[in-house]
Amino acid sequence: MRPLLFLLLLAIGGTTQAAGMRFSLVKTAETETRDAFTIEGGAWTEKAIANHVAVLIEHHAATLLLDTSLGRQVDQQFESEMPWYDKPLLRYGKVTPVRDQLDRDGVQVDRILLTHSHWDHASGLADFPEVPVWAPYEEIEFSRIAPPPAVLPSQFAHAIRWMPFEYTNQPFMGFEQSLDLFGDGSLVLVPMVGHTPGSTGLFLTLDDGQRYFFTGDTSWRLEGFTGPKEKFWISRNMVDNDRDATFKQLQRVHELMREDPALIVVPAHDETTQRSLGYYPNWIE
Ligand SMILES: [Zn+2]
């Protein structure tokens, strides 16, 4: 009996100690493009990599996925619905869907959060039909009416378990409104209206106090915030729903980075920033 009791105590102890939050960038693919196409004033002679990732977050209370990146059906979605003239600019390389990577390790997701409903962030929704999807009302509405290339209707054709949310008037990190997901300040959503009507940013704070800010597509590149610099004008016209509002968000994050130099800002497609953090199954904790 004694060894059994010991094992039991060990198991209980192990459970209580595994409380720390952690996250991992699940990379599904990359798009090779030109520096100038991604940012105002960029070089046409320089290559730029746009990453496609989802963020897997293990919180004490739940396992979350921020965005779904390119999914199992992305080729079908892209070929049938993306306008032919947009395809060359948006074409991606080899895809390893998030669901494939997580299933391999038996990881179960409890909740999906969307930074916004654009095709390259929502493609994998269909791979997680059983998981509730959190988004502001404005973004759910946008996903129903926005045309390609921004939104591909087939990605929202299945029965999505939408969980519409509203922000509270609790200010956070310079934003007037916020939503503290678990009431512990570790995961806080903020409205970043501009790129889309319901674009959302996520502040993630680890137990040691290191804070990360996932900014979706407000800028594709970190330089967009350090500048601040807008996207290249053709790209901007193609993807930013409200140019002025998007620029205000760039300025806001620019200020935030000056006030809090320790903050790590992670734009959804910035390959340099993301490579420095590593990819799933590498965890940041
Ligand atoms: Zn976008």
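Note that the structure is predicted; figures quoted are calculated from it, not measured.

Q: Run through a negative patch on the surface, naming residues and quoting values.
A: A surface patch of like charges, here negative, comprises D180, D184, D207 and D208. Inspection of the secondary structure assignment puts D180 in strand β7 (residues 179–180).

Q: Outline the packing of aromatic side chains, listing residues and values.
A: By the definition in use, this model includes 18 aromatic pairs. Where F23 meets F214, the ring centres are 5.5 Å apart and the plane angle is 85 degrees; that geometry is what we call edge-to-face. Here F214 lies in strand β10 (residues 211–214) and F23 lies in strand β1 (residues 22–34), a separation of 191 residues in the sequence. In this structure, F23 and F214 share a single accessibility class: buried. A network of ring pairs unites the aromatic residues F37, W44, W220, F232 and W233 as a single cluster. Over the face of the ring belonging to W134 we find R111, whose NZ or CZ atom lies 4.0 Å from the ring centre. In this structure, K231 packs its charged tip against the face of W220, placed 5.6 Å from the ring centre.

Q: I'd love a proper account of the environment of K231, names of residues and values included.
A: Relative to the assigned elements, K231 resides in the loop between α8 (223–226) and α9 (233–239). Looking at K231, the relative accessible area reads 3%, which means it is buried. For the pair K231 and Q274, spaced 43 residues apart in sequence, the C-alpha to C-alpha distance is 19 Å. Setting aside anything within four residues of it in sequence, one finds K231 in contact with T38, I39, E40, H195, D217, T218, S219, W220, R236, V239, D240 and T246. Here T218 takes part through its backbone oxygen, which lies 3.1 Å from a polar atom of the side chain of K231. Within the structure, the side chain of K231 is placed 2.7 Å from the side chain of D240, a separation counted as a polar contact.

Q: Describe the pairing of strand β8 (residues 187–191), and please don't skip the residues or the numbers.
A: Each regular strand carries side chains that alternate between the two faces of the sheet. For β8, the tally of buried residues reaches five of five residues, placing the bulk of the element in the interior. Of the two faces of β8, both are covered, the one formed by L187, L189 and P191 as well as the one formed by V188 and V190. With two bridges connecting them, β7 and β8 associate as antiparallel partners. Opposite D180, over in β8, you have V188 as the bridge partner. Linking β7 back to β8 in an antiparallel pair, the connection comprises six residues, with G183 at a positive phi of about 70 degrees. Note that β8 and strand β9 (residues 200–205) share five bridges and pair antiparallel.

Q: Any details on the coordination of the zinc ion? Residues and values, ideally.
A: The coordination sphere of the zinc ion contains the protein donors H116 (NE2), H118 (ND1), H195 (NE2) and D217 (OD), at a distance range of 2.2 to 2.3 Å. Between the four donor atoms coordinating the zinc ion, the angles at the centre fall across 86 to 164 degrees, so the site counts as irregular. Read in sequence order, the donor residues for the zinc ion give the motif H-x1-H-x76-H-x21-D. Note that H118 is positioned in the loop between β4 (111–113) and α6 (119–122) and H195 in the loop between β8 and β9, a separation of 77 residues in sequence. By relative accessible area, which is 1% here, H195 ends up buried.

Q: Which residues make up the sheet that holds strand β5 (residues 133–136), and what values go with them?
A: Taken in spatial order, the six strands of this open sheet run β1-β2-β3-β4-β5-β6, and their pairing is mixed. Each of the sheet's edge strands pairs with one partner strand only, and the pair in question is β1 and β6 (162–165). Going from strand to strand, the sheet's axes swing by 25 degrees on average, the running direction of each strand aside. Inspection of the sheet shows strand β2 (residues 47–58) paired to strand β3 (residues 63–66) by four bridges, in the antiparallel sense. Bridge pairing in β3 links E58 to T63. With respect to the sheet, helix α7 (residues 137–145) is in contact with β5 and β6, its orientation differing from that of β5 by roughly 100 degrees.

Q: Which residues make up α7, and what are the values?
A: Every buried residue of α7 is listed here: E139, I140, F142 and S143. Each buried residue of α7 lies within a common arc of 160 degrees when the element is viewed along its axis, so the set occupies one face. Set apart from the buried face of α7 by more than 90 degrees, the exposed residues are R144 and I145.

Q: Could you give an account of the pattern of salt bridges, naming the residues involved and the relevant values?
A: Working definition: two side chains of opposite charge can pair if their charged atoms are close together. Going through the model one piece at a time under the given rule, you end up with 16 salt bridges. Between R236 and E230 there is a salt bridge, with the nearest N and O atoms lying 3.5 Å from each other. On the accessibility criterion, R236 (8% relative accessible area) is buried. Here the salt bridges do not stand alone but share partners, grouping R72, R99, D100, D103 and E130 into one network.

Parameters at a glance
Within every chain, residues take consecutive numbers counted from 1 along the sequence as written. Residues qualify for local features only when their pLDDT is at least 70, as the model is predicted, and side-chain atom pairs are given and counted only at 80 or more; totals for whole chains, interfaces and linings, by contrast, use all residues. Working from all heavy atoms in the structure, the side-chain values ignore hydrogens and water. Patch rule: a residue counts if its relative accessible area is over 30% and it has no salt bridge; like charges are joined within 9 Å, and nonpolar side chains (Val, Leu, Ile, Met, Phe, Trp, Tyr) within 5 Å. Each accessible area value is a Shrake-Rupley result obtained with a 1.4 Å probe; residue values ignore everything except the protein chains displayed when judging cover. Here, a salt bridge means any Lys or Arg side-chain nitrogen found within 4 Å of an Asp or Glu carboxyl oxygen. For the charge count, each Lys or Arg is scored as positive and each Asp or Glu as negative, with His and the chain ends excluded. Note on charges: their place is set at NZ of Lys, CZ of Arg, CG of Asp or CD of Glu. We count a stretch as a helix when DSSP gives it H or I for four or more residues in a row; a strand needs E for two or more, and each element gets its number in order from the N terminus. Stacked, tilted and edge-to-face pairs are distinguished by plane angle, under 30 degrees for stacked and over 60 for edge-to-face with tilted covering the rest, among Phe, Tyr and Trp rings (Trp via its six-membered ring) whose centres lie within 6.5 Å. Note on classification: 1.4 Å probe, protein chains only; a residue is buried when its accessible area is under 20% of the maximum for its type, exposed when over 50%, partly exposed between these limits. We call a charge positioned above a ring when the Lys NZ or Arg CZ atom is no farther than 6 Å from the ring centre and deviates by at most 35 degrees from the ring normal. Residue contacts are counted whenever heavy atoms from the two residues lie within 4.5 Å of one another. Think of a polar contact as two N or O atoms within 3.5 Å of one another; within protein, one of them needs to be a possible hydrogen donor and the other a possible acceptor, and neighboring residues in sequence only count if both atoms come from side chains. Strand pairing is assigned whenever DSSP detects at least two bridges linking the two strands. Metal donors: N, O and S atoms at distances within 2.8 Å, or within 3.2 Å for Na, K and Ca, with water omitted from the atom set so that some sites may seem incomplete. Labels for metal geometry use angle windows, namely 85 to 135 degrees for all angles of a four-donor tetrahedral site, and for square planar (four donors) or octahedral (six donors) sites opposite donors over 155 degrees apart plus all others within 65 to 115; sites meeting none of these are irregular. The convention used is that axes are lines fitted to C-alpha atoms, helices contributing only their stretch in contact, and that angles between N-to-C directions extend from 0 to 180 degrees. Regarding the arc, it is the one traced by the directions from the helix axis to the C-beta atoms.

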